[in-house]
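Here's the letter readout for the chains.
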Amino acid sequence: MNAALLIDSSYFVAAFLFIYGLKRMSSPLSARSGIVVAGWGMLLAVLASFFYTLDVNDAAKPHLNTNIALALIALALGLGWAWRSGKKVAMTEMPQMVALYNGMGGGAAAAIAAIELIGYKTHGTVSLSLAVLGGLIGAIALSGSLIAWAKLDGRINGTLRFSALQLVNGSLLLILLAIGGYIIWHGGAVAWPLFAVFFALALIYGVMMTMPIGGADMPVVISLYNAFTGLAVGFEGYVLNNPALMIAGMVVGSAGSLLTLLMAKAMNRSVANVLFSNFGAASDEAEGEIAGSQKPIDAGDAGINMRYASKVIIAPGYGLAVAQAQHKLFELVKLLQDADVEVKFAIHPVAGRMPGHMNVLLAEAGVPYDIIFDMEDINDEFKEADVAIVIGANDTVNPAARTNKSSPIYGMPVLNVDMAKQVYVVKRGQGKGYSGVENALFYADNTQMVYGDAQKVMVNMIQAIKSLGGGH
Amino acid sequence: MDYTTTILTGFVALYIFMLAAFTGFEIIGRVPAILHTPLMSGSNFIHGIVVVGALWALINASSLPEQIIGFIGVLLGAGNAAGGYVVTERMLQMFKPSNEPGKE
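Please read these numbers as outputs of a predicted model, since none were measured by experiment.

Asker: How should I be thinking about the confidence of the model for chain A in this particular structure?
Answerer: One rule of thumb: low pLDDT means the predicted coordinates there are not for detailed reading. Residues and elements named next belong to chain A. For chain A, mean pLDDT is 86; residues scoring 70 or higher make up 92% of the total. Within chain A, the lowest mean pLDDT, 41, falls on helix α11 (residues 279–286), and the highest, 94, falls on helix α3 (residues 64–88). Every residue in residues 279–288 is under pLDDT 50, and counting partners more than four places away or in other chains gives 16 contacts.

Structure, rendered in structure tokens:
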């Protein structure tokens, strides 16, 4: 049997399964089977690639057994570690795990580029250009994703910002492009230390590019790096003459780019704005103009008031995820529903750390779809609501985004929670949101603050409502 | 059997890139917001196919540096694929239609 034919036909089937799987993933009803379909494609492609061992380069023949052993060890280690960590991670920490796995993919693409370059295996201007470009993008995706992971995981706090940062980054990128151009100009025949410098600088650039970006913008950044990795994989696929990599990489590259645009649009900002400017830079001038004070209220009292409301809208945010309060929240919702209160959820497009993050959390707790609404669908209903309760959200409910032109988040669409008759804000402390902007909502006359961990607050509310006694 | 791999260069490669790009664009464009996170995770899994390219590079490695980098590449690629699969599968498991209670 011809090894090349087996490999090529397996890749063909795998590419079909990837696209079909992604297609199925795009509808809630078939989504679960979609990932399984794509998984079979992956398994097939990986198994088929062992037929490569039947037809290796002459130079590699003496090393074949070592190489196969190395490949098996690397596969087992990578698969074993990722499988365990993926199974273990809590739902709330999913975004950083996606960032981490994505960075690994970028690293693998950069590794392919490095081997091609230091082995002087790539010839022809187009191949060489794509190898260099894919290596550059892959390395940036690797270090950038690692920083994104570390930030979301709380391993790195704060942001690195200095006035000349954009200038430094700009020059760094120019140097990278110059080295890349030099390598291509010389047909790849340059001394290996230059390759090392190239990849090292690309990694540094990824770090420098991600460090100034604040927590609230992380979803956009992760999505962007996801698209980067896809592109890098597609380019390296061209270099290796591997259609499976080309197709899968380019599909992800374009899908990821579109997703990034959608997410940035939801925040009413451009991708360039997310990357090259930051909230913190402008916020200094805008502060200190808010009148009034924050009025605290006991969790139990707030709970009882909700019990006697006729319509309650819940606006969840990242704080809900951090406190793991989604199950307790649903318990509270069921209690309210039993008391004939109409309860709805309002989901801001960038609530949490990734689009759809809140939906995943609420789905985990078993909250039915039909009471969860997107911002556009529910924003007009806040003025009819007796109570709007904000749980661990901040910037996405800041009315200053609608009214205050000097506010750094001016223009970003927000949930109109302030229009409800009564607003409760469940919050751990008096701090600012991730954008570093003060929230005028917390000082509004119709707002009362419930301080505390979201899960404990939910428990207190549930107890208070239960203590009223059941029955209608 | 006489079969040799087709070399995908020039316009053939360009066509593949173009059609694949449109495919990705179309799939994401019509997706409800609630699936954005799982779909990002799912596409993250799919570029884990890079492990196959890394495998080829490692199997054809002929020097120690190439073997080291190839080893790292396969390790990272396998992590991308396996991790992406597990995380996506766990997220999507929550979208079982049976979770949807009937309305009254």
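Asker: Please explain the interface of chain A and chain B as it appears in this structure.
Answerer: How big an interface is tends to be stated in terms of the accessible area lost upon association of its parts. The interface is formed by 109 residues belonging to chain A together with 86 residues belonging to chain B. Both sides together, the interface formed by chain A and chain B hides about 8,900 Å², and carbon and sulfur atoms give 77% of it. It is Arg-32, Ile-35 and Tyr-369 of chain A that lose the most area in chain A upon contact with chain B, and together they represent 7% of the buried surface on that side. Where chain A touches chain B, the interface holds two salt bridges. One salt bridge connects Glu-66 of chain B with Lys-121 of chain A, and the closest N-O pair in it is separated by 3.0 Å. The tally of links between chain A and chain B comes to 20 residue pairs in polar contact (both at pLDDT 80 or more). Counting only elements with at least two residues in the side of chain A that touches chain B, the list comes to α1 (3–25), α2 (31–48), α3, α4 (94–118), α8 (218–239), α9 (243–266) and α15 (357–365) of chain A. Broken down by class, the residue content of the side of chain A that touches chain B amounts to 71 nonpolar, 27 polar and 11 charged.

Asker: Honestly, unusual backbone geometry in this entry has me stumped. Any pointers?
Answerer: Peptide bonds are trans in most cases, and residues, glycine excluded, mostly fall at negative phi. All names here are of chain A. The phi dihedral of Tyr-120 is positive, around 50 degrees, even though this residue is not glycine. Tracing the backbone through its elements, the reader meets Tyr-120 in the loop between α4 and α5 (125–152). Phi is positive for Gln-324, close to 55 degrees, though the residue is something other than glycine. Secondary-structure assignment places Gln-324 in the loop between α13 (318–323) and α14 (326–338). Residue class for Gln-324 comes out partly exposed when judged on its relative accessible area of 33%.

What counts and what doesn't
Residues numbered from 1 in each chain as written. Chains lettered and ligands numbered in written order. Predicted model: local features only at pLDDT ≥ 70, side-chain atom pairs only at ≥ 80, totals over all residues. Heavy atoms only, no water. pLDDT = per-residue confidence, 0-100. Helix = DSSP H or I, 4+ residues; strand = E, 2+ residues; numbered from the N terminus. Contact = heavy atoms within 4.5 Å. Buried area = accessible area lost by both parts, 1.4 Å probe. Salt bridge = Lys/Arg side-chain N within 4 Å of Asp/Glu carboxyl O. Polar contact = N/O pair within 3.5 Å; in protein donor to acceptor, adjacent residues only side chain to side chain. Nonpolar A, V, L, I, M, F, W, Y, C, P; charged D, E, K, R; others polar. Buried < 20%, exposed > 50% of the residue type's maximum accessible area, 1.4 Å probe, protein only.

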